[in-house]
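# Examination of the molecular architecture
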Amino acid sequence: MVKDRTQVAIIGAGPSGLLLGHLLHRAGVETVILERHTRAYVEARIRAGVLEQGTVDLLDEIGLGGRMRREGLPHKGVNLAFDGARHRIDLFGLTGGKKVMVYGQTELTKDLGDARDASGAPIVYEAEDVSIHGADGESPFLRYKKDGEERTLACDFIAACDGGHGVGRRSMPTSVIRTFERVYPFGWLGILADVPPCADELIYARHERGFALASMRSHVRSRYYVQCAIDERLENWPDERIWDELKIRLGPEAAARMTMGPSIEKSVAPLRSFVAEPLRWGRLFLAGDAGHIVPPTGAKGLNLAVSDVRILARALTAACQKGDPSLIDRYSQDCLARVWKAVRFSWWMTQLMHKFGEGESFETRVQQAELSYLFSSRAAQQALAENYVGLPFADA
Ligand code: RFL
Ligand code: PHB
């Protein structure tokens, strides 16, 4: 049996785990990252596309913003389409000069992976059957298998950055953890295509046939989503049907500028809101999707992972280097205050923009009233803009 030791054992090499590893390395704290999948698999997962101002600032501050600045697309506004008309929310003007950055999670993950390589700190890919032991005592450790061989990794702290279906949250006793969940009765069908985007900025559309989103990865790569059934089969959605539906839902202006092309990725994602409380049990900490999930409508998931990890890195650094537990004691409450605000915003955007049932109802009238209010009120637009570019980090 191979036995290793480190200060912080990190489970998961998604954005949360890699960023935590990077922040701790900069602070002089040793880490080992264990990842279930291969590097190629992790880097190929098509997910988030929008970084908040605070995420962008953090990446710049820690020297990881170079490629994002060159290849990412800064956006000063976002569009909502409704009833055949399109309304622009002036993010920049309404927030005193803040923007978002369109930069794919795939690219950010590659940048973080390269930074990890440069640091020389280890990542064990294809680590199987990771299990957590002794998290409520003084000497926690992980067990796992690599190439069929049993290994242990002893540590001072464990960071579960292992996403919505990881081992971290499942290892916390049910008596200490409380969960809150809302499952939405639909999914998002996403496609990626090497065609120029149909607009300069994102378009979120509410339509009687269902929600649609026009996003992008670059000037020559587009990312689109349509609301679909939760158990939708991809065979039901040949590319032509998706393009037809997008044209109808996004409105005539977008349809006129839409370039169609073969999809290079197509997938269905379910939508849910989920929060686990607390985010800490003894020496085990949950960060990112391991602790909370939001529906993608507000573009918050990856950004919340970044804000958790920033707080966790400071707390673990103080604990490892000065023996000061005060920040780890506050980790859960500090994160959850911001998490719940993003959960609220993502839920609100989801409620506002999706089709929840057939025909006209009380709910559809309320949606219409809310959108009409939004388009007529600067205060309402400002509230949206402030949340969309990202609320301040809890420790900023
Ligand atoms: P991840 O990315 O899921 O990474 C977790 C990693 O842990 C590994 N793992 C394990 N490793 C070892 N042992 C185990 N037992 C393990 N169990 C799991 C996994 O293999 C994986 O590599 O979680 P992380 O790092 O917390 O990052 C969270 C983000 O990925 C997520 O919040 C975003 O993708 C959400 N999201 C969006 N967020 C945004 O901020 N802006 C967006 O525009 C945005 N769009 C989206 C999204 C998510 C989407 N989907 C598919 C749910 C759009 C979509 C469609
Ligand atoms: C994306 O580009 O994948 C994207 C953009 C905005 C969202 C969700 C996903 O709200």
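Quick caveat: nothing in here was measured; it's all calculated off a predicted structure.

### Structural notes on the site of ligand 2
As a structural note, the neighbourhood of ligand 2 is formed by 14 residues, with Tyr 204, Ser 215, Arg 217, Tyr 225 and Pro 296 the closest of them. In the model, an oxygen atom of ligand 2 is placed 2.7 Å from a nitrogen or oxygen of the Tyr 204 side chain. If you list the elements that add at least two residues to the shell around ligand 2, you get β16 (212–218) and β17 (221–228). Per element, the largest residue contribution to the shell around ligand 2 is 3 residues, and it comes from β16.

### Focus on the domain arrangement of the chain
Entries for the chain in the domain assignment read domain 1 (2–72 + 102–180 + 272–356) and domain 2 (186–271). The gap between the C-alpha centroids of domain 1 and domain 2 is 29 Å. When domain 1 packs against domain 2, close to 1600 Å² is buried across both sides, 65% of that on carbon and sulfur atoms. Here domain 1 is connected to domain 2 by 0 salt bridges. Inspection of the domain 1/domain 2 interface yields 4 residue pairs in polar contact (both at pLDDT 80 or more). Per element, the largest residue contribution to the side of domain 1 that touches domain 2 is 4 residues, and it comes from helix α10 (residues 326–353).

### Details of the side chain of Gln 53
By the element assignment, Gln 53 lies in helix α3 (residues 53–61). What Gln 53 contacts, discounting residues up to four positions off in sequence, is Gly 97, Lys 98, Lys 99 and Val 389.

### Quick word on the nonpolar core
One finds Val 8, Leu 20, Leu 34, Leu 51 and Leu 142 to be the most contacted residues of the largest nonpolar core, which totals 76 residues. Of all the elements, helix α9 (residues 301–322) adds the most residues to this core, at 11 residues. In this structure, Leu 34 is in contact with Ile 10, Ile 11, Gly 12, Val 124, Ala 127, Val 130, Leu 142, Tyr 144 and Leu 153, ignoring residues within four places of it in sequence. Judged by nonpolar contacts, the second largest core, of 34 residues, contains Leu 73, Phe 82, Ile 89 and Tyr 225.

### Looking at the packing of aromatic side chains
Applying the stated criterion across every chain, the model contains 12 aromatic pairs. Measuring from centroid to centroid gives 5.4 Å for Tyr 224 and Trp 243, while their planes differ by 80 degrees, and the two rings are edge-to-face. Taken together, the residues Tyr 224 in strand β17 and Trp 243 in helix α7 (residues 239–250) connect sequence positions 19 residues apart. Residue Tyr 224 shares its accessibility class with Trp 243, and that shared class is buried. Note on Phe 285 and Tyr 331: the rings are 5.7 Å apart at their centroids and 75 degrees apart in plane angle, and the pair reads as edge-to-face. Residue Phe 285 is found in strand β20 (residues 284–286), and its partner Tyr 331 is found in helix α10; the two are separated by 46 residues along the sequence. The class of Phe 285 is buried, set by a relative accessible area of 0%. An aromatic cluster is present here, built from Trp 188, Tyr 204, Phe 211, Tyr 225 and Tyr 388 joined pairwise through their rings. Across the ring face of Phe 274, the terminal group of Arg 272 is positioned such that the distance to the ring centre comes to 5.0 Å. The side chain of Arg 283 reaches across the aromatic face of Phe 157, ending 5.0 Å from its centre.

### Some details on helix α12 (residues 378–388)
For α12, every residue scored as buried is listed here: Ala 380, Gln 381, Leu 384, Ala 385, Asn 387 and Tyr 388. Looking straight down α12, one finds its buried side chains confined to an arc of 170 degrees; they lie on one side. Exposed side chains of α12 directed beyond 90 degrees from the buried face belong to Arg 378 and Ala 379. Measuring from the backbone nitrogen of Ala 379 back to the side-chain oxygen at the start of α12 gives 3.3 Å, which picks out Ser 377 as the cap.

### What about the environment of Phe 141?
Positionally, Phe 141 belongs in strand β11 (residues 141–146). Judged by relative accessible area, which is 25%, Phe 141 ranks as partly exposed. Each C-alpha atom of the pair Phe 141 and Thr 6 lies 9.6 Å from the other, and the pair is 135 residues apart in sequence. Excluding residues that lie within four positions of it along the chain, Phe 141 makes contacts with Ser 131, Ile 132, His 133, Leu 153, Ala 154, Cys 155 and Ile 158.

Criteria and cut-off values
- Residues numbered from 1 in each chain as written.
- Chains lettered and ligands numbered in written order.
- Predicted model: local features only at pLDDT ≥ 70, side-chain atom pairs only at ≥ 80, totals over all residues.
- Heavy atoms only, no water.
- Near = heavy atom within 4 Å.
- Polar contact = N/O pair within 3.5 Å; in protein donor to acceptor, adjacent residues only side chain to side chain.
- Helix = DSSP H or I, 4+ residues; strand = E, 2+ residues; numbered from the N terminus.
- Domains from an automatic or database assignment.
- Buried area = accessible area lost by both parts, 1.4 Å probe.
- Salt bridge = Lys/Arg side-chain N within 4 Å of Asp/Glu carboxyl O.
- Contact = heavy atoms within 4.5 Å.
- Core = buried A, V, L, I, M, F, W, Y, C linked by side-chain atoms within 4.5 Å.
- Buried < 20%, exposed > 50% of the residue type's maximum accessible area, 1.4 Å probe, protein only.
- Phe/Tyr/Trp six-rings, centres within 6.5 Å; stacked < 30°, edge-to-face > 60°.
- Lys NZ or Arg CZ within 6 Å of the ring centre and 35° of its normal.
- Arc of directions from axis to C-beta.

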